[in-house]
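# Understanding the architecture of this molecule
What follows is each chain in one-letter form.
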Amino acid sequence: MNKSIIITGAGGGVGRACADLFLDNGWTVGLAGRTSAKLVETAAGRANAVILECDVADEAQVETAFDTFAAQVGTLDALFNNAGVSLPGKPIDEIAVADWRHLIDINLTGSFICARKAFGIMRHQTPQGGRIINNGSISAHVPRLGSVPYTASKHAITGLTRTLSLDGRAFNIACGQIDIGNALTAMAQSMTTGMPQADGSIKIEAVMDVKHVASSVLHMANLPLDANVQFMTVMATTMPYIGRG
């Protein structure tokens, strides 16, 4: 029987790369995102793609989208909690509170809402169980200059991952986290022209093909539920991570 997964932020970047690979490998994939036109582009006419237009920060929209998917497909085997945004780098006193709230609402609260709904479906379906994979980022470990909102959100994702991994044991629900460093997407283009370093200098950073993220997420998702990748770091080999700060 084919497996099923919902991927948030599936309209582009890491989400689209992962969705493409899962679809090509025969999974039924719920493509969740705010812009239906982008989701249709990701689907590319493949019959095993299910468009789920929703804002991850909106509980009612997530409830409707995930229930629609579960009703149509029958079971939910996995969730890739991927949707997220970033902000331009600034010192904390220059960051608007409204911008902080917006980022936290998507990166953290959105991940909570989607995990909450997926956990409930997995807990009560037959057979019981499933897998949640959270997108943490290198910023779940170390910050960039001026990244208080983003880094705080990603450190919090690690707490979400650890707790879901513990709480899920009783219900055969596994939870792991992938921490991505410098995958080349539209969001990461600036890394090829110069990024601020810990010493204040600007340097071009190494990047990697986003397909390596997709293959890593697929590996995590394909494991049987009695095995789990708790944390995986996938990064451009020579990027400034070790010793970043």
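Residues numbered from 1 in each chain as written. Predicted model: local features only at pLDDT ≥ 70, side-chain atom pairs only at ≥ 80, totals over all residues. Heavy atoms only, no water.

## Observations regarding the pairing of strand β6 (residues 173-181)
For β6, the buried fraction is high: nine of the nine residues fall into the buried class. Neither face of β6 is open: one carries Ile173, Cys175, Gln177, Asp179 and Gly181, the other Ala174, Gly176, Ile178 and Ile180, and all of them are buried. Relative to β6, strand β5 (residues 130-135) is paired through six bridges, and the arrangement is parallel. Residue isoleucine 133 lies in a different strand from β6, and its bridge partner there is glycine 176. Once you follow β5 into helix α5 (residues 148-167) and on to β6, the crossover reads as right-handed. Across five bridges, the pairing between β6 and strand β11 (residues 231-235) is parallel. Bridging from a neighbouring strand, isoleucine 180 pairs with valine 234 of β11. (Buried < 20%, exposed > 50% of the residue type's maximum accessible area, 1.4 Å probe, protein only. Helix = DSSP H or I, 4+ residues; strand = E, 2+ residues; numbered from the N terminus. Pairing = 2+ DSSP bridges. Right-handed = clockwise from strand over helix to strand, strands pointing away.)

## Focus: the environment of threonine 161
Within the fold, threonine 161 resides in helix α5. Note on threonine 161: relative accessible area 0%, which makes it buried. Residues threonine 161 and glutamine 125, 36 residues apart in the sequence, show an inter-C-alpha distance of 21 Å.

## Observations concerning the packing of aromatic side chains
The full count for this structure, using the stated rule, is two aromatic pairs. With a centroid separation of 4.9 Å and 85 degrees between ring planes, the pair formed by phenylalanine 22 and tryptophan 27 is classed as edge-to-face. By the burial criterion, phenylalanine 22 is buried, and tryptophan 27 matches it. Aromatic pair phenylalanine 119 and phenylalanine 171: ring centres 5.8 Å apart, planes at 80 degrees, arrangement edge-to-face. Of this pair, phenylalanine 119 sits in helix α4 (residues 97-124) while phenylalanine 171 sits in the loop between α5 and β6, and the two are 52 residues apart along the sequence. Each of the two residues, phenylalanine 119 as well as phenylalanine 171, counts as buried. (Phe/Tyr/Trp six-rings, centres within 6.5 Å; stacked < 30°, edge-to-face > 60°.)

## Some points on the nonpolar core
Judged by nonpolar contacts, the single largest core of 37 residues is most densely connected at Ile7, Phe22, Val29, Phe80, Ile178 and Val213. Core analysis: the second largest hydrophobic core is formed by 32 residues, Leu52, Phe69, Phe119 and Leu160 among them. (Core = buried A, V, L, I, M, F, W, Y, C linked by side-chain atoms within 4.5 Å.)

## Details of the packing of helix α3 (residues 59-73) against α4
The geometry of α3 relative to α4 is characterised by a closest axis approach of 10 Å and an angle of 35 degrees between their N-to-C directions. The crossing of α3 and α4 is right-handed. Across the interface between the two elements, Glu59, Val62, Glu63, Phe66, Asp67 and Ala70 from α3 touch Ile113, Cys114, Arg116, Lys117, Ala118 and Ile121 from α4. In terms of residue class, the contact of α3 with α4 is made up of seven nonpolar, no polar and five charged. (Axes fitted to C-alpha atoms, helices over the stretch in contact; angles between N-to-C directions. Left-handed = near helix turned anticlockwise from the far one by under 90°. Contact = heavy atoms within 4.5 Å. Nonpolar A, V, L, I, M, F, W, Y, C, P; charged D, E, K, R; others polar.)

## Regarding the sheet that holds β11
Read from one edge of the open sheet, seven strands run β3-β2-β1-β4-β5-β6-β11, paired in parallel fashion. Only two strands of the sheet have a single neighbouring strand rather than two, namely β3 (49-53) and β11. Direction aside, the axes of adjacent strands within the sheet are offset by 20 degrees on average. Contacts from helix α1 (residues 13-24) reach β1 (4-8), β2 (28-33), β3, β4 (78-81), β5 and β6 within the one sheet, and its direction differs from that of β1 by about 165 degrees.

## Looking at the state of the cysteines
Here is the idea: a disulfide is a covalent bond, and it sits between the sulfur atoms of two cysteines. For the coordinates displayed, the defined rule picks out zero disulfides. Of all cysteine sulfurs in the structure, the one in cysteine 114 sits closest to cysteine 18, which takes part in no disulfide; the separation is 15 Å. Looking at cysteine 18, the relative accessible area reads 1%, which means it is buried. Distance from the sulfur of cysteine 175, which forms no disulfide, to the nearest cysteine sulfur (cysteine 114) is 13 Å. (Disulfide = S-S within 2.5 Å.)

## A word on helix α2 (residues 36-43)
Listed as buried for α2 are Leu39, Thr42 and Ala43. Each buried residue of α2 sits inside an arc of 100 degrees when the element is viewed along its axis, so together they form one side. Residues of α2 that are buried in the fold lie against α1, β2 and β3. Positioned one or two residues after α2, alanine 44 has a phi angle of 50 degrees, which is positive. (Arc of directions from axis to C-beta.)

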